[in-house]
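Inside the fold
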Amino acid sequence: ASPDIYTGELHDMVPGIQEDLKRLARTKHHVAIYIANGHGAWEAANTNLFSTGDHALALVTGRFGEGWAQSAEALGVTVRRLDFGRRSPVDPDEVARALGEDRDERIRVVLMTHADTATSVRNDVAAVRAAIDRAGHPALLAVDCIASLGCDVFEMDAWGVDVMVSASQKGMMTPPGLGFVWLNEKARQASTGARWRTPYWDWTPRIEAKQFYQRFGGTAPTHHLYGLRAALDMLVREEGIEAAWGRHERLARAVWSAFEAWGDGDGEAAGIGLNIADPAFRSHAVTTVKMASPRATQLREWTKANAGVTLGIGLGMAPEGDPAADGFMRIAHMGHVNTHMVLGALGAIEAGMTALGIPHGAGALSRAAEALA
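These remarks concern the structure in this document. Here the structure is a predicted model, which means the values were calculated and not measured.

**A few points about the overall build of the protein**
Counting its secondary structure elements, the protein contains 12 helices and 11 strands. Radius of gyration (C-alpha) of the protein: 21 Å, near the 21 Å computed for a compact globule of 373 residues. Out of the 373 residues belonging to the protein, those deemed buried represent 55%. Taking the intrachain contacts of the protein between residues at least 6 apart in sequence as the baseline, contacts between residues at least 24 apart amount to 71%. Surface accessibility of the protein: about 15,000 Å² in total, with carbon and sulfur atoms responsible for 50%.

Laid out in structure tokens, this is it:
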């Protein structure tokens with residue numbers, strides 16, 4: 001039943017949620033909660049950071065790095081992109097070079113994704129911070145952790161991140177509808193002159209609330225907060241965030257091992273392989289896989305219809321309408337997921353390849369089991 005929004009249990013619960021959100025991000029600073037999805041979290045960050053005439057440097061490693069750049073451009077920000085393609089991580093030396101060329105220091109913020117949900121590349125955030133510092137540039141560092149938070153190691157304060165955005169529906173194990181922005185004091189001070197802050201998006205009353213409703217810009221998202229409380233209990237207080245990082249790493253390696261086996265031998269003819277070659281730059285939350293088109297789409301349709309397993313589309317991996325898009329799919333191993341879920345999904349994928357006559361190498365499930373041992 002809906003709780004009383006004016007007093008009682010809900011009011012008592014929210015301060016603990018905010019403290020655990022800070023523990024999750026590994027920061028001692030601030031967090032603002034929005035009734036929004038990840039795109040809303042982008043807009044919240046943008047409106048608090050930018051004004052007309054401002055510039056940003058966007059580090060693009062997939063569809064969602066490009067999405068944040070477009071979100072900023074739609075507000076009027078002049079965005080310079082460093083696009084590293086769909087199979088490579090950010091090169092910190094390129095970042096330092098680009099900032100070094102900005103002699104007038106017009107770039108206000110560097111925007112990047114930690115793990116891009118589309119390509120499954122995982123970027124080295126600490127190395128980017130070091131590149132900014134090496135260039136001697138005053139730009140803030142803003143990081144999208146919508147796919148990675150709770151799944152991949154992330155240290156906001158230790159890595160020198162000024163602003164971080166995330167959302168409830170992935171590693172945080174809560175239905176879509178909550179967006180979050182974490183910010184340090186440097187970012188809070190930088191936002192005081194932002195001219196695009198509206199009463200709803202302004203993060204100041206949310207982090208300095210004098211009345212309960214100000215934390216949410218109005219009525220609290222009651223049932224989402226109860227779900228989030230349960231998720232944070234599991235992730236932060238029961239399992240522990242370090243253990244959760246380890247669990248996601250093991251599950252990711254099981255998925256990688258299976259696809260590496262399927263790609264051997266007969267699998268070479270089907271073009272089966274992982275999108276990101278170097279394991280050091282692969283997300284522990286999601287894995288993007290390539291196959292000869294249209295086999296990935298055929299396999300996704302088979303597993304959904306025959307095994308109840310929904311695999312992700314190859315989002316942004318090819319232009320819209322290009323048949324090459326049917327050669328990509330994604331396997332999520334994020335949030336509320338464990339060994340038997342992953343092994344079950346891998347078993348369904350192998351059954352689908354067998355049923356569809358897709359050539360593939362042998363021993364994939366054994367190799368996945370070894371990775372989980």
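**Some points on the pattern of salt bridges**
With the rule as written, the count across this model stands at 24 salt bridges. Across the pair arginine 367 and glutamate 260 runs a salt bridge, and its minimum N-O distance is 3.9 Å. Pair noted here: arginine 367 is in helix α12 (residues 364-372) and glutamate 260 is in helix α9 (residues 241-262), with a separation of 107 residues, a long-range link. Exposure remark for arginine 367: the relative accessible area of 31% places this residue in the partly exposed category. Shared partners join several salt bridges into a network, and the residues in it are Asp20, Arg23, Arg229, Asp233 and Arg237.

**Some thoughts on the sheet that holds strand β10 (residues 312-313)**
Reading across the sheet, the 4 strands line up as β8-β9-β11-β10 and stay open at both edges, with antiparallel pairing between neighbours. What marks the edges here is a single partner per strand, and that holds for β8 (273-274) and β10. Packed on one face of the sheet, helix α10 (residues 295-307) meets β10 and β11 (328-332) and runs near 45 degrees to β11.

**Overview of the packing of aromatic side chains**
Applying the stated criterion across every chain yields a total of 7 aromatic pairs. Between phenylalanine 180 and tryptophan 182, the aromatic rings sit 5.7 Å apart at their centres with planes inclined by 45 degrees, giving tilted as the arrangement. Taken together, the ring pairs connect Tyr34, Tyr200 and Trp201 into an aromatic cluster. The cationic tip of arginine 206 hangs over the ring face of tyrosine 200; the distance from NZ or CZ to the ring centre is 4.5 Å.

**Some words on the packing of helix α4 (residues 92-101) against helix α5 (residues 125-134)**
In the contact formed by α4 and α5, the axes pass within 8 Å of each other and the chain directions differ by 30 degrees. On the basis of the axis angle, α4 is roughly parallel to α5. α5 is crossed by α4, and the crossing has right-handed handedness. Between α4, through Pro92, Asp93, Val95, Ala96 and Leu99, and α5, the contact on the second element is made entirely by Ala127, Val128, Ala131, Ile132 and Arg134.

**Brief notes about the nonpolar core**
Counting 49 residues, the largest nonpolar core has Leu21, Leu57, Leu59, Val95, Leu141, Met164 and Trp182 as the members making the most contacts within it. Counting residues per element, this core draws most heavily on helix α1 (residues 9-25), at 7 residues. Setting aside chain neighbours within four positions, we find leucine 141 in contact with Val110, Met112, Val125, Val128, Arg129, Ile132, Gly160, Val161, Asp162 and Val163.

**What to know about unusual backbone geometry**
Residue proline 294 is reached from serine 293 by a cis peptide bond, and omega for that bond is 5 degrees. Its location among the elements puts proline 294 in the loop between β9 (286-290) and α10. Residue glutamate 105 is not a glycine yet carries a positive backbone phi of 55 degrees. Phi angles above zero are rare outside glycine, and methionine 173 is one such case at about 65 degrees. If you trace the backbone, methionine 173 turns up in the loop between β6 (163-167) and β7 (178-183).

**Side note on the sheet that holds β7**
Judged by pairing direction, the sheet is mixed, and its 7 strands sit side by side in the order β1-β7-β6-β5-β4-β2-β3 without closing on themselves. The open sheet is flanked by β1 (30-35) and β3 (78-83), the only strands paired with a single partner. With strand direction ignored, the average angle separating the axes of adjacent strands in the sheet is 20 degrees. By the bridge criterion, 5 bridges tie β6 to β7 in an arrangement that is antiparallel.

Here is what the cut-offs are and how they apply
- Residues numbered from 1 in each chain as written.
- Predicted model: local features only at pLDDT ≥ 70, side-chain atom pairs only at ≥ 80, totals over all residues.
- Heavy atoms only, no water.
- Helix = DSSP H or I, 4+ residues; strand = E, 2+ residues; numbered from the N terminus.
- Rg over C-alpha atoms; globule rule 2.2 N^0.38 Å.
- Buried < 20%, exposed > 50% of the residue type's maximum accessible area, 1.4 Å probe, protein only.
- Contact = heavy atoms within 4.5 Å.
- Areas by Shrake-Rupley, 256 points an atom, 1.4 Å probe, with all protein chains shown as cover.
- Salt bridge = Lys/Arg side-chain N within 4 Å of Asp/Glu carboxyl O.
- Pairing = 2+ DSSP bridges.
- Axes fitted to C-alpha atoms, helices over the stretch in contact; angles between N-to-C directions.
- Phe/Tyr/Trp six-rings, centres within 6.5 Å; stacked < 30°, edge-to-face > 60°.
- Lys NZ or Arg CZ within 6 Å of the ring centre and 35° of its normal.
- Parallel < 35°, antiparallel > 145°, perpendicular 65-115°, else oblique.
- Left-handed = near helix turned anticlockwise from the far one by under 90°.
- Core = buried A, V, L, I, M, F, W, Y, C linked by side-chain atoms within 4.5 Å.

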